[in-house]
Amino acid sequence: MRIRRLKLSGFKSFVEPAELRIDPGLTGVVGPNGCGKSNLLEAIRWVMGESSPKSMRGGGMEDVIFAGTASRPPRAFAEVVIQVQTADAEDLEVVRRIERGAGSAYRVNGRDVRAKDVALIFADAATGAHSPALVSQGRIAAVIAAKPAERRAMLEEAAGIAGLHVRRKDAETK
Ligand code: ATP
Ligand code: MG
């Protein structure tokens, strides 16, 4: 799977709509402290279904919505759009939107879907919110310090078999 494009609106410090094209290969994000590098990575995790506010450096899920500054009012919603090309060359556009008091909603290619459907798209693609392909500050140290079972989970994700566990769990609950 390859990320082609990312659009953010009202997400954390990205108050005005911003659009980024991501070319093939390794992408690095550079810039001064506080310019939004980590927020960008969090936006990718979030649109892929991240459900833990803690890993988004927030107390609650609504903390991803632009909170306002001295000169700008807060926003009522945050939206992230990710365009990806899947392993079988299919183009997918995944949208996650959160409104204050209304929770998150997802769309895939314009259709309303469940969080679970989005999780499956990215779990099967060996990517997703916890993908080893997304390396944030401190992540390198986490890999080195990980317990064997945790490291196994990282490797399973990298190898693309983590989706099988999601499917198995899903089948077991039916
Ligand atoms: P560093 O180089 O220090 O790691 P960075 O480029 O990774 O910095 P981020 O952590 O992505 O920077 O961005 C931090 C900025 O985002 C802070 O100014 C913070 O106030 C702002 N920010 C985070 N959440 C929100 C929010 N909900 N509303 C408005 N601004 C926010
Ligand atoms: Mg940072």
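This one's a predicted model, so the numbers in the text were calculated from it and none came from an experiment.

**Digging into the sheet that holds strand β6 (residues 111-113)**
Here's step 1: If you walk across this open sheet you meet the six strands as β2-β1-β3-β4-β5-β6, and the pairing is antiparallel. Each having just a single partner strand, β2 (18-21) and β6 make up the two edges of the open sheet. When strand polarity is set aside, the average angle formed by the axes of neighbouring strands in this sheet is 20 degrees.
Here's step 2: Taken together, the three bridges between strand β5 (residues 103-108) and β6 define a ladder with antiparallel strand orientation. Bridge pairing in β6 places Val108 opposite Arg111.
Here's step 3: Taken strand by strand, helix α1 (residues 37-47) contacts β1 (2-9), β3 (77-85) and β4 (91-99), and its axis lies near 80 degrees from that of β3.

**Structural notes on unusual backbone geometry**
Here's step 1: Positive phi outside glycine occurs at Lys12, with the angle close to 50 degrees.
Here's step 2: We classify Lys12 as buried; it has 23 C-beta atoms within 10 Å.
Here's step 3: Phi is positive for Asn109, which is not a glycine, with a value near 45 degrees.
Here's step 4: Checked against the element boundaries, Asn109 lands in the loop between β5 and β6.
Here's step 5: You can call Asn109 exposed: it has 11 C-beta atoms within 10 Å.

**Points about the UniProt feature "binding site: ATP" (unreviewed entry) in the protein chain**
Here's step 1: Taking the UniProt record as the reference, the feature "binding site: ATP" (unreviewed entry) is found at Pro32, Asn33, Gly34, Cys35, Gly36, Lys37, Ser38 and Asn39.
Here's step 2: The topology assignment puts Pro32 in the loop between β2 and α1.
Here's step 3: Classification of Gly36 as partly exposed rests on a count of 18 C-beta atoms within 10 Å.
Here's step 4: Non-local contacts of Gly36, meaning those with residues more than four positions away in its chain, are made with Ser13 and Phe14.

Quick notes on the rules
- Residues numbered from 1 in each chain as written.
- Chains lettered and ligands numbered in written order.
- Predicted model: local features only at pLDDT ≥ 70, side-chain atom pairs only at ≥ 80, totals over all residues.
- Pairing = 2+ DSSP bridges.
- Helix = DSSP H or I, 4+ residues; strand = E, 2+ residues; numbered from the N terminus.
- Axes fitted to C-alpha atoms, helices over the stretch in contact; angles between N-to-C directions.
- Contact = placed C-beta atoms within 7 Å.
- Buried ≥ 20, exposed ≤ 12 C-beta atoms within 10 Å, placed from the backbone.
- UniProt positions renumbered as here; feature names shortened; annotations may be inferred.

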